[in-house]
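Each chain is listed here by its residues.
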Amino acid sequence: MKSIFYSLMAVLLLSGCSIKNNTTMTNLEIVKSTYEGKTSEENGKALASHVAEDVQWTEAKGFPYAGTYVGLEEITKNVFSRLGSEWVDYKFTPENYIADGDKVVAFGTYTGTYKITMKPFSARVAHIWHLKDGKIIQFEQFVDSKTVVDAMK
């Protein structure tokens, strides 16, 4: 029996085939994938592949990009494009996660430098993610907006 198994594995390896792992990502793994890629482009691709078509994205009141945006196109235009064009090295560094059913909370710190003033900032932040059937349906940001706004002045 062992020789049959080893022969099958050898055939698979030599032919370039692989055995696929069809496991479903947990909600926590989905959220982590949007932060912990090697590049921001990798994180963006992970986000795009996991958001529902009508995802609701809320940036905190008092934050420079405050508001609720619906759909990835609107989120990209009103949040990510602006973060990418108006800031140097703007990023969220996650420190911890809490997962409970269809909700995941990420805690961490925003950092970056505003291009016009060249003032850096650091702000504590929490993100609440709501998921349904493996898709992100809602995001809400809680942040110390004052430090961000002060960097822009």
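Anything mentioned here points back to the structure above.
Since we're looking at a predicted model, the values are computed, not measured.

Undergrad: Just give me the short version of the pairing of strand β5 (residues 120-132), but keep the residues and values in it.
TA: Both strand β4 (residues 103-114) and β5 contribute to a ladder of eleven bridges, which runs antiparallel. Counted as the bridge partner of Thr113 is Pro120 from β5. Connecting β4 to the antiparallel partner β5 that follows it, the hairpin turn spans five residues, and Met118 within it adopts a positive phi of roughly 60°. Judged from the eight bridges that link them, β5 and strand β6 (residues 135-143) form a sheet pairing that is antiparallel.

Undergrad: Give a description of helix α3 (residues 40-50) that names residues and reports values.
TA: Every buried residue belonging to α3 is among Asn43, Ala46, Leu47 and His50, and all of these are buried. Summarising the axial view, the buried residues of α3 lie within an arc of 100°, below the 170-degree limit, and thus occupy one face. Facing away from the buried surface of α3 by more than 90 degrees, the exposed residues are Glu41 and Lys45. The inward-facing, buried residues of α3 abut α2 (27-33), β1 (51-59), α4 (72-86), β5 and β6.

Each value, and the rule that gives it
Residues numbered from 1 in each chain as written. Predicted model: local features only at pLDDT ≥ 70, side-chain atom pairs only at ≥ 80, totals over all residues. Heavy atoms only, no water. Pairing = 2+ DSSP bridges. Helix = DSSP H or I, 4+ residues; strand = E, 2+ residues; numbered from the N terminus. Buried < 20%, exposed > 50% of the residue type's maximum accessible area, 1.4 Å probe, protein only. Arc of directions from axis to C-beta. Contact = heavy atoms within 4.5 Å.

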